[in-house]
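Spelled out from the first residue to the last, the chains are:
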Amino acid sequence: METKTHKKYLERLRRKHAFSSSAYVEPQGYSGGLALWWTEDVHISIFSSDKNMIDGCCSDVDFSASWHFSFIYGEPNTQLRRTMWCRMLNFRRPESIPWLVMGDLNLVGDSSDKKGKRPPLTLDRNILEELICSCSLREFAYRGPKYTWSRGNISERLDRALVNDQWNQLFPNAQLFHCTRIGSDHCPLLLCLRAIPVLPRRQFRYELKWQLQTGYDKAISQGWSTDRFGSPLFCMASKISHCKQYLKHWCKSTSGNSRQELELLQHELDEVQLEEQTEINLSRQKLLVEKIHSLWMQEEAYWFQRARTNWIQFGDRNSKFFHAIASKRRQNNFIFQLKDDQGQLVEGTEPILAHAFSHFQQAYALENTCNFERIAGLIQPTVTNEMNDDLCHPVSDDEVRSAVFQLGAFKAPGVDGFPGCFFQQHWDIVGLDICKAVQHFFDNGFMLREMNKTKLVLIPKIKNPESAFIPGRAIQDNILIAHEVFHGLKLKKSATAEKKITGYKIRRRSPPISHLLFADDSLVFCQATLPEVSHLQTILQLYGDLTGQRVNFSKSAAIFSPNTPRDVRESICNRLGIRFEAAVSKYLGVCRVINRLIREFWWGQQNDERKICWVSWNRLSRSKHAGGKETNGFPPCLDSRSLLVFHAQSKSVPLSTARICWHPPPRLAR
């Protein structure tokens, strides 16, 4: 960010804040200017500096390492921007040197990095992509507000940090924060190299790399084959515990520092290759190469297990890639603060753990449930006698084995630390005990407390989730129906109550829609009358009493048709204790869903496969005269016939997508 201030004033500020050294670029008139301050515990060497950049090297005493940096103030003049970044490419480092590029780049990556009327410049996106690809950089994950610059109704993400893999390996726990914007139209960037605090002692985790070590199979057999007496569940729990302790001791006795061992082997191989090539010498080289290859495979398995990249097959020998993915996952998933019920921030490892434990202890506390006979008469029996006999049939060994082999092999393990691959690969050893334990549970209905423990993991929300609960059905099915209903609400002039919960009919002969269920949200439709709302409230209360699952009214909202009087809206919202919302939430973005389907159609993607997009979406959307295909996406005014024509041309679009779309007047797509 430009200082717009001369060195004399900045020096007073530097001494006031106890920084020992500095480097400056003087402003030109009332614009520009750069400043870099540092303390005594680091050594800074400046290689070059100009109005757009301070480039140099930092030697950190605490980390006993040095790394290069380029602090940037991007050219604000669009006509000079390309020249400035072409000059920047001359400062790129080799991949072996840790390098950080950070500052106000004055570049907008894509449309999601800007909020305003005008779309981002194509030149900015091309420059940023060229910089990342040519210099082997990647964007550093951030926390805080998305947009770092704002003026009026326009907000953009102009400030960012780019790093290469070597820098990321040097500082795996670093975190970047977008701080509060005060006194400037830019957010300050705070880069903490030691942001992640030391966690409590790690629990046991089964390591995939153990399978590549000598003596592993014998260790598993000896760890599990121990005599235990008691119920099958107790015997299985005891064997899992004994095997875990046995593997701990076996690992300590056989595994050392793999990186140090690898360096020693490589040094020994260099010396052997310099000697005379005798038969003994060649045999020794072959043995050393096999040991080095084994250590490489173990390191690859170690990072593969942490990267959790299921779309890469094990054996691709890309440990650097796995390392980068694992580091990024750790940076994105670590929780630095939580907000309590009073809106106060909870920070620090121990307070966060205590707050999370207290929250889930209250959320999962047992409550007095009501009598199920209140709703027993409303539920129509759907399980026949034959189905019931099937369900009550004793569990067979094949059913248990089938369930175990459906587990994700490398998904997150349970409290015992063993993932699904452990039980699958050693079924000949552990299978009999597991089958007996499962069958004992179904026969007696008793579960050991040790077997019923679980881990609480706070998972960050995924951007733009689109999958649904039911296999073969996508969330856009409900999105399209929801938009049709909300469009109908806008055109609605009157309604006639027929039942306690009326629901909504898109057309006169269509079935009424009373509710739509999404991944973790629900839409309920009823008439805007106090009797229906009261009955809906009773249903929600009854559901909560029966299941223990309560509606979060603080995150709920009511949407009304335009002809609903204001006093009725206020009384209903007050009755339910929820807020009024003018329109359907943005996450029901059907246009984005259809645009994604159009892209999948052009690239021939089917059955969730991923294919390369050889041409950018903006270029594909150009007119045919400009070399494009005129695929301008899915406008809100597209009628059902246009969508049906598109569906007929593309087998990759599911039929459910063409079921319902909106166009005045609403119509059903057949």
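In what follows, the accompanying structure is described. Bear in mind that the values here come from a model prediction, so they are computed numbers and not experimental data.

## Quick word on the overall build of the protein
Of the regular secondary structure elements, the protein holds 21 helices and 22 strands. When the 670 residues of the protein are sorted by exposure, 36% land in the buried category. For the protein, the exposed area adds up to about 42,400 Å²; of that, 53% sits on carbon and sulfur atoms.

## Quick look at helix α18 (residues 566-576)
Burial in α18 covers these residues: Arg 569, Ile 572, Cys 573 and Leu 576. Taken around the axis of α18, the buried residues stretch over an arc of 95 degrees, which confines them to a single face. Facing away from the buried side of α18 by over 90 degrees, the exposed positions are Asp 567 and Asn 574. Downstream of α18 by a residue or two, Gly 577 has a phi angle that is positive, lying close to 75 degrees.

## Here's the deal with the pattern of salt bridges
As a working rule, side chains carrying opposite charge can pair if their charged atoms are close by. By the definition in use, this model includes 15 salt bridges. Glu 11 is the salt-bridge partner of Arg 15, the closest N and O atoms lying 3.7 Å from each other. Within this pair, Arg 15 and its partner Glu 11 are both found in helix α1 (residues 7-16), separated by 4 residues, close to a single helical turn. Given the relative accessible area of 53%, Arg 15 is considered exposed. We note a salt bridge from Glu 156 to Lys 114, for which the minimum N-O separation is 3.3 Å.

## Quick notes on a nonpolar patch on the surface
A cluster of nonpolar side chains, Val 383, Met 387 and Leu 391, forms an exposed patch at the surface whose accessible area comes to about 300 Å². Inspection of the secondary structure assignment puts Met 387 in helix α12 (residues 385-391). Judged by relative accessible area, Met 387 falls into the partly exposed class, the value being 41%.

## Points about helix α15 (residues 427-444)
Across its 18 residues, α15 extends 24 Å between first and last C-alpha, which sits within 8% of the 26 Å expected from 1.5 Å per residue. Along α15, the residues that are buried comprise Trp 427, Val 430, Gly 431, Asp 433, Ile 434, Cys 435, Ala 437 and His 440. The first or second residue beyond α15 is Gly 445, which carries a positive phi of 70 degrees.

## Observations concerning the nonpolar core
Core analysis: the largest hydrophobic core is formed by 26 residues, its most contacted members being Tyr 206, Leu 247, Phe 418, Phe 422, Phe 423 and Ile 434. Every element with two or more residues in this core is listed here: α5 (216-224), α6 (232-254), α13 (397-404), α14 (420-425) and α15. With 7 residues, α6 is the single largest residue contributor to this core. Those residues in contact with Tyr 206 that sit more than four places away from it in its chain are Gln 211, Tyr 216, Leu 247, Gln 305, Gly 417, Phe 418, Pro 419, Cys 421, Phe 422 and His 426. Among the nonpolar cores identified, the runner-up in size contains 23 residues, and Ile 44, Val 163, Ala 174 and Leu 189 belong to it.

## As for the packing of aromatic side chains
Inspection of the entire model under this criterion finds 20 aromatic pairs. Between Trp 167 and Phe 171, the ring centres sit 4.8 Å apart and the planes meet at 50 degrees, which makes this aromatic pair tilted. Overall, the relative accessible area of 0% leaves Trp 167 in the buried class. Ring centres 5.4 Å apart and planes at 55 degrees place the aromatic pair Phe 204 and Phe 418 in the tilted group. Residue Phe 204 is located in the loop between β14 (189-192) and α5, and its partner Phe 418 is located in the loop between α13 and α14; the two are separated by 214 residues in the primary sequence. Among the residues examined, Phe 204 registers a relative accessible area of 12% and is labelled buried. With a relative accessible area of 4%, Phe 418 lands in the buried category. A cation over a ring is seen here: Arg 401 above Phe 405, with NZ or CZ 4.1 Å from the ring centre.

## Details of the layout of surface pockets
Empty space left among the atoms is revealed by rolling a probe the size of a water molecule over them. Empty space within the second largest pocket amounts to approximately 1,400 Å³. The wall of the second largest pocket is formed by 37 residues, among which Ala 35, Leu 36, Trp 37, Phe 71 and Leu 189 lie closest to the centre. Elements with a minimum of two residues in the lining of the second largest pocket: α1, β2 (34-38), β3 (42-50), β4 (53-60), β5 (65-73), β6 (99-104) and β14. Its residues assigned to classes, the lining of the second largest pocket shows 27 nonpolar, 3 polar and 7 charged.

## Brief notes about empty space enclosed by the protein
Counted according to the given criterion, the structure contains 2 cavities of 30 Å³ or more. If you add up the space inside the largest cavity, you get close to 40 Å³.

## Some words on unusual backbone geometry
Within the chain, Lys 4 stands out as a residue other than glycine whose phi angle is a positive 55 degrees. For Lys 4, the location among the structural elements is in the segment before α1. The backbone of Ala 18 sits at a positive phi, close to 65 degrees, despite the residue not being glycine. By the secondary structure assignment, Ala 18 is in the loop between α1 and β1 (21-25).

## Considerations on the environment of Glu 139
Within the secondary structure, Glu 139 sits in strand β8 (residues 138-139). Overall, Glu 139 belongs to the partly exposed group, its relative accessible area being 24%. Each C-alpha atom of the pair Glu 139 and Leu 162 lies 4.7 Å from the other, and the pair is 23 residues apart in sequence. Among residues more than four places away in sequence, those in contact with Glu 139 are Leu 128, Ile 132, Arg 157, Arg 160, Ala 161 and Leu 162. Among the polar contacts listed, one links the side chain of Glu 139 to the side chain of Arg 157, at a separation of 2.9 Å. Polar side-chain contacts of Glu 139 include one of 2.7 Å to the side chain of Arg 160.

Definitions and limits used
- One numbering rule holds for all chains: residues counted from 1, following each sequence as written.
- Residue-level local features of this predicted model are given only where pLDDT is at least 70; pairs of side-chain atoms are given and counted only at 80 or more, and the full residue set underlies all totals for whole chains, interfaces and linings.
- No hydrogens and no water enter the side-chain calculation; it runs on all heavy atoms of the structure.
- Helix and strand assignments follow DSSP, with helices taken as H or I runs no shorter than four residues and strands as E runs no shorter than two, numbered in order from the N terminus.
- Relative accessibility decides the category of a residue: with a 1.4 Å probe and only protein chains considered, values under 20% of the type maximum give buried, values over 50% give exposed, and everything between is partly exposed.
- For accessible areas, the Shrake-Rupley method is used with a probe of radius 1.4 Å. Any residue's cover is judged against the shown protein chains and nothing else.
- Note that the arc is defined by the directions from the helix axis to the C-beta atoms.
- We define a salt bridge as a side-chain nitrogen of Lys or Arg found within 4 Å of a carboxyl oxygen belonging to Asp or Glu.
- Candidate patch residues must exceed 30% relative accessible area and have no salt bridge, after which like charges are joined if within 9 Å and Val, Leu, Ile, Met, Phe, Trp or Tyr side chains if within 5 Å.
- To estimate the expected span of a helix, subtract one from its residue number and multiply by 1.5 Å.
- Definition used in this section: a nonpolar core is a set of buried Ala, Val, Leu, Ile, Met, Phe, Trp, Tyr and Cys residues joined via side-chain atoms within 4.5 Å.
- Contact between two residues is taken to exist if any of their heavy atoms lie within 4.5 Å; hydrogens are not considered.
- To pair, rings of Phe, Tyr and Trp, with the six-membered ring standing in for Trp, must have centres within 6.5 Å; the planes then decide the type, stacked if under 30 degrees apart, edge-to-face if over 60, and tilted in the middle.
- Counted as over-ring charges are cases with an Arg CZ or a Lys NZ within 6 Å of the ring centre that also lie within 35 degrees of the ring normal.
- We place a 1 Å grid over just the protein atoms. Points where a 1.4 Å probe fits but has no way out form a cavity, open points with protein on both sides within 12 Å along at least 5 of 7 lines form a pocket, and any residue with an atom within 4 Å of a point lines it.
- Grid points are joined across faces, edges and corners, and a volume is the space filled by probe spheres set on the points.
- Under the scheme applied, nonpolar residues are Ala, Val, Leu, Ile, Met, Phe, Trp, Tyr, Cys and Pro; charged residues are Asp, Glu, Lys and Arg; polar residues are all the others, including Gly.
- Two N or O atoms count as a polar contact when they lie within 3.5 Å, although within protein this holds only if one can serve as hydrogen donor and the other as acceptor, and sequence-adjacent residues are included solely when both atoms are side-chain atoms.

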